[in-house]
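Coordinates in review
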Amino acid sequence: MDKRRGFTRRQLLRGATLATGGFIFADLIPEAWAQTPPKLGAQLIGKLEGPELIRDPAKWPKKFNEAPMLAELVKQGKLPPVEQRVPQEPLVIKPVHEIGRYGGTLRRAFTGPGDSENGNRWVSSDKLLFWDYTGNKVVPSVAKAWLLPPDGKSLTIYLRKGMKWSDGQSFTANDFVFWYEDVFLNKDLVPTPHPDFTINGKPGSLKKVDDTTVTFEFPEPNYLFLDILAGSTSMGGGQALWQMEGRTMGAYTPAHYVKQFHPKYIGKDEADRKAKAAGFDNWVAYIKNRWDWRLNTELPVLTPWKTATPINTPTWVLERNPYFYEVDTAGNQLPYLDRIQLTLGENLEVINLRAIAGQYDLQERHTAMTKIPVFLENRDKVGYDLHLDPALNGSDATLHTNQAYDGDPEVAKWLQTTDFRRALSMGIDRDQLNETFWLGIGVPGSIAPSESVPYSPGPEARKKWATLDVKQASALLDKIGLSKKDGEGYRLRSDGKGRLRIELQTSAGAFIPHTQIGEMIKEHWKKIGIQADVKEHERSLFFTRVASNQHQIAVWANDGSEVLYLFPRHALPVDPAECNLGRPIAVWYASGGTQGKAPKDPQLLRALEMFRSAGGKKVQERYKIAQEIWTILVDQVYSIGTVGQSPATMGVRVVSRKMGNIPTREINAQHCRTPGSSQPSTFYFKA
Amino acid sequence: MLAYLVRRLILAVLTIWAVSVLSFVIIKLPPGDYVTSYIAQMSMSGGYVSEQEAQTLRREYGLDQPGYVQYVRWMKLVLHGRFGMALEWKRPVVEVIGDRLWMTMVVSVAAIIITWVLALPIGIYSAVRQYSVGDYLATFVGFIGLAVPSFMLALVLMYLGFKLFNANIGGLFSDRFLLAPWSLAKVWDLTKHMPLPALILGLAGTAQLIRIMRANLLDELGKPYVVTARARGLSEMRVILKYPVRVALNPFASTIGYLLPYVVSGSIIVSLVLGLPTVGPLLLRALIAQDMFLAGTIVLLLGVMTVVGTFLSDLLLLWIDPRIRLEGKQ
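This write-up is about the structure you can find in this document. (Residues numbered from 1 in each chain as written. Chains lettered and ligands numbered in written order. Predicted model: local features only at pLDDT ≥ 70, side-chain atom pairs only at ≥ 80, totals over all residues. Heavy atoms only, no water.)

A look at the interface of chain B and chain A
Definition in use: Throughout, a contact is declared for two residues whenever any of their heavy atoms are within 4.5 Å. By buried area we mean how much accessible surface two parts lose on assembly, using a 1.4 Å probe and totalling the loss over both. Any carboxyl oxygen of Asp or Glu within 4 Å of a side-chain nitrogen of Lys or Arg constitutes a salt bridge here. In protein, a polar contact requires one atom able to donate a hydrogen and another able to accept it; more generally it is a pair of N or O atoms within 3.5 Å, and residues adjacent in sequence count only if both atoms are side-chain atoms. Under the scheme used here, helices are H or I runs from DSSP no shorter than 4 residues and strands are E runs no shorter than 2 residues, and both carry numbers assigned from the N terminus. Lys, Arg, Asp and Glu make up the charged group, whereas Ala, Val, Leu, Ile, Met, Phe, Trp, Tyr, Cys and Pro make up the nonpolar group; the residues left over, Gly among them, are polar.
Contact residues are listed per partner, giving 59 residues for chain B and 77 residues for chain A. Taken over both partners, the interface formed by chain B and chain A buries close to 5,800 Å², and the fraction arising from carbon and sulfur atoms is 59%. The tally of links from chain B across to chain A stands at 2 salt bridges. Of the charged contacts, one joins E245 of chain A and K90 of chain B as a salt bridge, the two residues approaching to 2.7 Å between their closest N and O atoms. At the junction of chain B with chain A, the criterion picks out 5 residue pairs in polar contact (both at pLDDT 80 or more). At the level of elements, helix 2 (34–44), helix 3 (51–60), helix 7 (150–165), helix 15 (268–274) and helix 16 (279–288) of chain B are the ones that each hand at least two residues to the side of chain B that touches chain A. Split by residue class, the side of chain B that touches chain A holds 31 nonpolar, 16 polar and 12 charged.

Focus on the sheet that holds strand 18 (residues 398–401) of chain A
All names here are of chain A. Condition: Any two strands between which DSSP finds at least two bridges are classified as paired.
Strands sit in the order 21-20-22-18-23 across an open sheet of 5 strands; the sheet is mixed. Only two strands of the sheet have a single partner each, and these edge strands are strand 21 (531–537) and strand 23 (639–640). For strand 18 and strand 22 (residues 553–556), the ladder comprises 4 bridges, and the chain directions are antiparallel. Paired with T401 across the strands is I553, a residue of strand 22.

A closer look at the pattern of salt bridges
Residue and element names in this part refer to chain A. We apply this condition: Think of it in three bands: with a 1.4 Å probe and only protein chains considered, a residue is buried below 20% of the maximum accessible area for its type, exposed above 50%, and partly exposed in between.
This structure, assessed with the given rule, holds 50 salt bridges over all chains. Measuring nitrogen to oxygen at the nearest pair gives 3.2 Å for the salt bridge that ties K144 to E89. Taken together, the residues span a long stretch of sequence, with K144 in strand 6 (residues 143–147) and E89 in the loop between helix 5 (82–85) and strand 2 (91–94) at a distance of 55 residues. Owing to a relative accessible area of 17%, E89 belongs among the buried residues under this scheme. The network of salt bridges with common partners includes D419, R422, K464, K479 and D635.

Focus: the side chain of D291 of chain B
Residues and elements named next belong to chain B. The criterion, for reference: His is not counted here, nor are the chain ends, while Lys and Arg score as positive and Asp and Glu score as negative.
Examined against the element boundaries, D291 turns out to sit in the loop between helix 16 and helix 17 (292–320). Within the buried set, D291 has no salt-bridge partner at all; the shortest N-O distance to an opposite charge, 7.5 Å, is to K90. If sequence neighbours within four positions are ignored, D291 has contacts with M85, A86, L87, E88, W89 and A286.

Some remarks on the side chain of Q341 of chain A
Within the secondary structure layout, Q341 of chain A lies in strand 15 (residues 339–344). Excluding its chain neighbours within four sequence positions, the residues that come into contact with Q341 of chain A are T105, L106, R107, R108, T315, W316 and V317 of chain A together with D175 and L178 of chain B.

Side note on unusual backbone geometry
Leaving glycine aside, a negative phi is the common case for residues, and trans is the common case for peptide bonds. The omega torsion across L334 of chain A and P335 of chain A is 0 degrees, close enough to zero to call that bond cis. Positionally, P335 of chain A belongs in the loop between strand 14 (326–328) and strand 15. A cis amide bond links T674 of chain A with the next residue in sequence, P675 of chain A, at an omega value of 5 degrees. Among the secondary structure elements, P675 of chain A is positioned in the loop between strand 26 (659–660) and strand 27 (684–685). Its identity as a non-glycine residue notwithstanding, A251 of chain A has a phi of 70 degrees, on the positive side. Along the polypeptide, A251 of chain A turns up in the loop between helix 9 (239–242) and helix 10 (255–258). Judged by its relative accessible area of 0%, A251 of chain A is buried. With a phi close to 55 degrees, K90 of chain B is a non-glycine residue in the positive phi region. Counting through the fold element by element, K90 of chain B comes out in the loop between strand 1 (85–86) and strand 2 (91–92).

A look at the packing of helix 5 (residues 93–128) of chain B against helix 16 of chain B
Packed helices, taken two at a time, are described by the angle their axes make and the gap between the axes. Residues and elements named next belong to chain B. Note the cut-off: Between N-to-C directions, angles cover 0 to 180 degrees, with each direction set by a line fitted to C-alpha atoms, over the stretch in contact for helices. In these notes the angle categories are as follows: under 35 degrees is roughly parallel, over 145 is roughly antiparallel, 65 to 115 is roughly perpendicular, and the rest is oblique.
One can describe the packing of helix 5 onto helix 16 by two numbers: an axis separation of 8 Å at closest approach and a directional angle of 140 degrees. Taken as axis vectors, helix 5 and helix 16 run oblique relative to one another. Contacts between helix 5 and helix 16 involve V96, I97, R100, L101 and T104 on the former and, on the latter, V279, P281 and L282. Class assignment for the residues of the contact of helix 5 with helix 16 results in 6 nonpolar, 1 polar and 1 charged.

Structural notes on the packing of aromatic side chains
All names here are of chain A. Using the following cut-off: Aromatic rings from Phe, Tyr and Trp, taking only the six-membered ring of Trp, are treated as a pair when their centres fall within 6.5 Å; an angle between ring planes under 30 degrees marks them as stacked, one over 60 as edge-to-face, and anything in between as tilted. Remark: a charge is flagged as sitting over a ring if the NZ atom of Lys or the CZ atom of Arg is within 6 Å of the ring centre and within 35 degrees of the ring normal.
Evaluation of the coordinates by the stated rule reveals 39 aromatic pairs over all chains. Ring centres of W293 and W316 lie 5.8 Å apart, and the angle between their planes is 55 degrees; on these two criteria the pair is classed as tilted. Linking W293 in the loop between helix 13 (283–290) and strand 12 (305–309) with W316 in strand 13 (residues 315–320), this pair joins segments that are 23 residues apart in sequence. Under the relative-accessibility criterion, W293 is labelled buried at 2%. Summarising the aromatic geometry, the rings of Y455 and Y623 are spaced 5.1 Å apart at their centres and angled 85 degrees between planes, so their arrangement reads as edge-to-face. Of this pair, Y455 sits in the loop between strand 19 (443–444) and helix 19 (460–463) while Y623 sits in helix 25 (residues 619–636), and the two are 168 residues apart along the sequence. The ring of W414 is capped by K413, whose NZ or CZ atom sits 4.5 Å from the centre of that ring.

Below is the structure:
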């Protein structure tokens, strides 16, 4: 590139292409990429590292320090001294690189009131248990410790002595009892028991042992419950995630605050009167608004930062919680950062452009993989680093075949034929997809999760039915009775109604361009004589079509499925809320066989039965079952994998060089609430 | 005359009611509802919603009821001046729109002023100097302005602004004024951010107006009254500005009907690209999220604005043009 001129034609073009998004960009990238060393993508992937928890009390700090802004308040008598705010048994964290310094406002972007995950992933340390930075080990968080007895019928949680809510009130077992008795068991708030708090359809219960001990009990062994509490699930997700947007779960709630809106404590008339006065239809709507941490700045929380300016304004501001329960190894109360300021960017291109211009200090959301070349071009001029955090799931753009499709009997028959699906899978040139859309960073292959997770069925699953083989694919199609072709070389339907056309349903506005990927696959399938029709839909229409069982093949990711038990919906048809493999089957599974439609495929049926049985099994056995399920899924190819283990979803991290304690690579996974497991409370401004 | 006005008024109210029904129907038309789009958005951004929650949400927002019940519910709210709750924003619709209405008006008015300030002189010039180099140049630039999509122009200008001048990208305020209360400094900050969006928003309209002005003026220039004025020895400048330009300006008065809704909605895509806190992006968002009360209220507002604007320009024409007045009497 000619450096003498102000800007070159290519730079101008690149700026212009930002407008039109990924698909034009995709044409430019291989050329831009070719000028740089081919392994540049790999250079941006660092070593997985993260903060450690110090669980040995002998190594804990004896004296506590606090942020200057709080020290000032203590001096003015508005806040008790730090020793009285931090629990006697704090969570002690050894930051990933060094002890940080206090202060500063972190600037980020969010896309509007629906972008809650942008904030609550940062404050997710209000979970009871958590996963460490490797994503493989459960560690304490709000809970000090836990006990899972050999019979697996209960799980006891020990809380930290002296732990407090952000308003200074004590956090005790009573907050759990209140949640269980007055929220979970209240039919107005929770009409049906939540599957995360049941085992084989039977609900669990909660019991207070003493002020700092609670026990979850189940009628049957439920070893999985430990993972559920640590995972990003409705029981373990914490208050910040599960008591917002009308949600009712989360296992605990600030009883002393929420009681003033609850009919059991103030009477139904008074509760409704309060709601009406605040402009709500009834007390249920009002109480759900009051315990929403993003909207109610008065709500007591356990998170490192609490909302200071609500999410439904142009700037969402989070401010430090003076009672936060974590300290570093030097005794500094965390978090280091005073504030997180999220500014509204309604257009993703603008967010990316602002990130490139250095207007954000740390942004790992809405930053697109296709913009990597432009990020790299400006990083030294502006002073930020680019980190790529590959995820652990097998395939970012996955072709989920609808196993319950009934719109066109001929197409339905083929979608439910194993060899047909295998042939489709072998007809895809994944290397070309990888080069074009994943900049060569992704891993081509099947839907199986990364070999680094214990659920992985082994390395051979990566390539199984998942490498380009036109000859074998064609032979398979000929064998199953699709040997007749028309003049253009496309295969004909067996019912004599012309060419066999398969519809690929894609959605607009995903992290990676599903539609353009679909178009490329369409070209690949020409070679095996299959006509694909790529149909793009607005994303809620995409969901509506899936929910009404209208799609043939839906293109979506399979993120989260690497930890199969905590987030199965992208691998197995088990969750009616989102089910690309066929909603009738998911309804059948979730209802215990009373509604919906059982799958015809015996292999799929077997996988679902194994999945149902796993909750009552111990961890090693669960791993084994998951591996077997994955083996079936890979061999039967219900979902066709393309390219995965890439940073496409939340893995393109733009970080100002002023920031410290930033892991060179962080774990990028649903259950780790990325960047939650990297403990954002330890991030800081160096100067 | 009075009867004509009353009839127009009744028609206007009926039209507004029809707009409210239509807007609600249009918003309910696509399959799915707010909860579907909420699930889709959560899934897209790495979050998730369970089946139970989806059902609870639907019940809570009344989405499980038939469409006409929802419409009646909304209408009741509208008649009480409350317009309901914006589902996604969790705030009353009035508040959500209110915050942005003023910003929208400021931006749009600035754009309109820029449009007129540019278009009128250029239009006059290219009519008076028809087929001159200047005319061709203005026409050429005008057509480019019309042909290039303004969102594209916005992005290119923003990128160049960042690349060459290290300018702020998008928005109407600098970081430190975002949360600050109104002050002189904040107004100045706003003024500094205004030219770029106003120019981009105004440019497409400018090209159009240049052509209208040019064509209208060309029609007038050859007419006898112009020749007479010139023959009486008035200076050329005075001849043009005093008579034919005034006549040529007539169409501007009658387009006020379209101007009013424009002032509110602005140009949606450009506002989106420039990250402007205006009503336009709000409407787009509300439509995508199927946030019916919010979208319905904005569409209703635009409808009302159009009706009121048309009414106003009718009155204006009535006053200006006796032929219309006479027609109204029949």
